[in-house]
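# Summary of the model geometry
Here is what each chain is made of, one letter per residue.
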Amino acid sequence: MTNVYHLRTPLSEKDVRKLRVGDTVYLSGLIFTARDAAHRKILDLINHGEKLPFDPRGLAVYHVGPVVRRKNGEWEVIAAGPTTSARLEPVEHEFIAKTGVRMIIGKGGMGAKTAEACKKYGAVYAVFTGGAAVLAAQAIKRVVDVYWLDELGIPEAVWLFEVEEFGPLTVTIDATGKNLYDEILERAKRKAQEILSRLS
Amino acid sequence: MTLSPEELKNFLIELIRTAETRLPVDVYEALKQAYEVEDNPIAKQHLGAILRNSELAAKLGKPICQDTGTPVFYAEMGADFPLRSEFYDIAREAVREATKLVPLRPNAVDPFKKKNTGDNTGRFVPWFEVEIVPGSDLKVTFVAKGGGSEAPSTLRMGLPIRGVRNVWETVLQAIVEAGPKPCPPVIVGVGVAALSDQAMALAKRAALLRPIGDRHPDPEIARLEEEMLKAVNELGIGVHGFGGKVTALDLHIEYAHRHPATYAVAVATNCWAMRRATGYITSEGKWEIISKHITG
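Residues numbered from 1 in each chain as written. Chains lettered and ligands numbered in written order. Predicted model: local features only at pLDDT ≥ 70, side-chain atom pairs only at ≥ 80, totals over all residues. Heavy atoms only, no water.

## What to know about the packing of helix 2 (residues 36-47) of chain A against helix 3 (residues 89-99) of chain A
Residue and element names in this part refer to chain A.
- One can describe the packing of helix 2 onto helix 3 by two numbers: an axis separation of 10 Å at closest approach and a directional angle of 50 degrees. One element, helix 2, and the other, helix 3, form an angle in the oblique class. Crossing handedness for the pair helix 2 and helix 3: left-handed. Across from His39, Ile42, Leu43, Ile46 and Asn47 in helix 2, the residues of helix 3 making contact are Val91, Glu92, Glu94, Phe95, Lys98 and Thr99. (Axes fitted to C-alpha atoms, helices over the stretch in contact; angles between N-to-C directions. Helix = DSSP H or I, 4+ residues; strand = E, 2+ residues; numbered from the N terminus. Parallel < 35°, antiparallel > 145°, perpendicular 65-115°, else oblique. Left-handed = near helix turned anticlockwise from the far one by under 90°. Contact = heavy atoms within 4.5 Å.)

## Here we look at a nonpolar patch on the surface
Residue and element names in this part refer to chain B.
- Residues Tyr88, Val130 and Ile132 make up a contiguous nonpolar surface patch of about 240 Å² in total accessible area.
- The topology assignment puts Tyr88 in helix 4 (residues 87-101).
- Since its relative accessible area comes to 30%, Tyr88 is described here as partly exposed. (Patch = residues over 30% accessible without salt bridge, like charges linked within 9 Å, V, L, I, M, F, W, Y side chains within 5 Å. Areas by Shrake-Rupley, 256 points an atom, 1.4 Å probe, with all protein chains shown as cover. Salt bridge = Lys/Arg side-chain N within 4 Å of Asp/Glu carboxyl O. Buried < 20%, exposed > 50% of the residue type's maximum accessible area, 1.4 Å probe, protein only.)

## Quick look at the side chain of Thr247(B)
- As for its position among the elements, Thr247(B) is in the loop between helix 8 (219-234) and strand 6 (248-255).
- With relative accessibility at 1%, the residue Thr247(B) sits in the buried group.

## A closer look at the interface of chain B and chain A
- At the interface, 44 residues of chain B touch 47 residues of chain A.
- Approximately 3700 Å² of surface area, both sides summed, lies buried where chain B meets chain A, with 67% of it carried by carbon and sulfur atoms.
- The interface formed by chain B and chain A contains one salt bridge.
- Here Glu234(B) makes a salt bridge to Arg198(A), at a shortest N to O gap of 3.6 Å.
- Contributing elements (two or more residues each) for the side of chain B that touches chain A: helix 3 (41-60), helix 6 (165-178) and helix 8 of chain B.
- Counting residues per element, the side of chain B that touches chain A draws most heavily on helix 3 of chain B, which supplies 11 residues.
- Classifying every residue of the side of chain B that touches chain A gives 24 nonpolar, 13 polar and seven charged. (Buried area = accessible area lost by both parts, 1.4 Å probe. Nonpolar A, V, L, I, M, F, W, Y, C, P; charged D, E, K, R; others polar.)

## Describing the environment of Ala91(B)
All names here are of chain B.
- With respect to the helices and strands, the residue Ala91 is situated in helix 4.
- As for Ala91 and Leu208, which are separated by 117 residues in sequence, their C-alpha atoms are 19 Å apart.
- Once residues lying within four places of it in the same chain are set aside, the contact partners of Ala91 are Leu12, Phe73 and Phe128.

## Focus: the sheet that holds strand 3 (residues 138-145) of chain B
Residues and elements named next belong to chain B.
- Ordered by their spatial adjacency, five strands build an open sheet running 2-1-3-8-9, and the pairing between neighbours is mixed. Of all the strands in the sheet, the pair left with one neighbour each is strand 2 (127-133) and strand 9 (287-289). Direction aside, the axes of adjacent strands within the sheet are offset by 15 degrees on average.
- Here seven bridges tie strand 3 to strand 8 (residues 275-281), and the two strands are oriented antiparallel to one another. Looking across to strand 8, one finds that Leu138 is bridged to Ile281.
- Its contacts with the sheet put helix 7 (residues 196-209) on strand 1 (70-78), strand 2, strand 3 and strand 8, and the angle it makes with strand 3 is roughly 95 degrees. (Pairing = 2+ DSSP bridges.)

So far we have only geometry, and geometry alone does not tell us how the molecule works.
Put into structure tokens, the structure is as follows:
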């Protein structure tokens with residue numbers, strides 16, 4: 001754990017280029033949610049030359065399917081911890097390139113193609129504590145809007161949230177393309193081999 | 001007074017609510033212990049967040065995790081329990097109502113038509129494992145199984161000639177392959193059996209039903225559990241994959257006698273956010289939640 005940053009969206013390229021793996025970020029401003037179906041939906045619209053109902057440039061995309069409730073006409077976010085990001089690995093590089101997001105927030109890490117896109121376009125991948133759904137919901141101050149709710153359902157819809165001091169987020173892929181998990185998992189693999197070779 | 005369907009439903013709703021919002025004390029204590037021993041600063045920071053989140057959820061009565069899981073009922077049903085055949089429909093209705101009341105995220109999705117049923121019930125959802133026992137009470141453990149820790153479930157039909165090596169290889173490879181994805185620190189369940197489905201069902205029971213620190217009654221299996229837990233933690237994956245000392249809070253093994261030609265090994269994991277609650281209801285409608293949970 002090296003540096004702690006308090007950042008606000010929209011993020012500039014300069015904001016994210018200074019971040020390094022292991023850094024902690026607390027994020028304020030607008031972020032939007034997108035899981036599997038929402039990634040496909042947004043990319044389909046962009047690829048057909050259609051306009052998105054919001055401007056994703058400089059924002060953070062959050063991998064989450066929240067628990068929400070409608071109370072007196074307002075949306076209340078009950079629980080909103082991150083979902084497994086690896087499912088989005090096949091499309092995230094294209095998503096970064098075409099939406100201009102500067103931060104991807106999720107859990108469980110992402111792969112080489114995402115790391116390459118982070119380096120090329122200036123973005124980072126950061127991890128929110130998996131399962132810490134109430135903690136996350138407390139940092140979400142307001143539901144600004146929700147898109148494609150009927151079509152995609154509550155967990156898969158795109159929710160635009162206003163957040164304050166959303167974190168702790170740990171940067172695990174930085175804009176140099178370094179991936180913190182690579183090293184840890186490589187070591188775990190070697191250790192497993194070592195333990196197995198001791199057996200017989 | 002005979003038990004009414006309404007009473008049974010209310011008992012099950014409270015069981016679901018407890019499991020979803022209040023971490024079991026054994027898991028909470030194990031996480032606190034992990035926080036004490038962990039010296040990797042990033043892992044420790046996230047363990048701190050896990051503890052704060054669990055306390056907040058219990059205090060506010062909100063779901064610990066937004067993935068409120070797939071509902072599973074493990075029931076020990078007394079042979080003289082009055083609502084034996086009605087139990088399934090009543091439990092389904094309890095899930096529907098709990099989804100609105102707690103509230104829970106609707107997680108039942110048609111795999112072909114892609115439609116979410118919106119109320120956490122559907123074809124084979126909730127899932128039931130029912131055992132008939134003597135007596136007139138119904139004892140139920142409700143578990144909400146999260147998708148993130150379900151995805152890395154592993155089944156391997158090993159070679160009998162390789163013996164217990166099948167188990168070591170399958171466990172270590174499954175945990176390495178899962179990496180940070182099942183939200184470590186995890187609780188690992190290992191099932192060894194003749195049949196493939198049997199192995200997975202036993203692995204599930206081992207991971208979900210046995211409390212942290214519980215050892216198998218057979219001392220040889222108990223020793224294997226301890227050795228494998230130590231090995232899993234030596235992998236250094238750590239809390240959410242950030243490295244450090246604690247990858248698993250515990251590891252439990254269950255086995256069935258195998259077929260001479262098969263050696264089925266299954267590995268199931270549960271995330272740190274174990275949603276599990278146990279209670280019983282009598283034939284007169286008296287009910288109680290007997291598992292211990294944090295109060296926030």
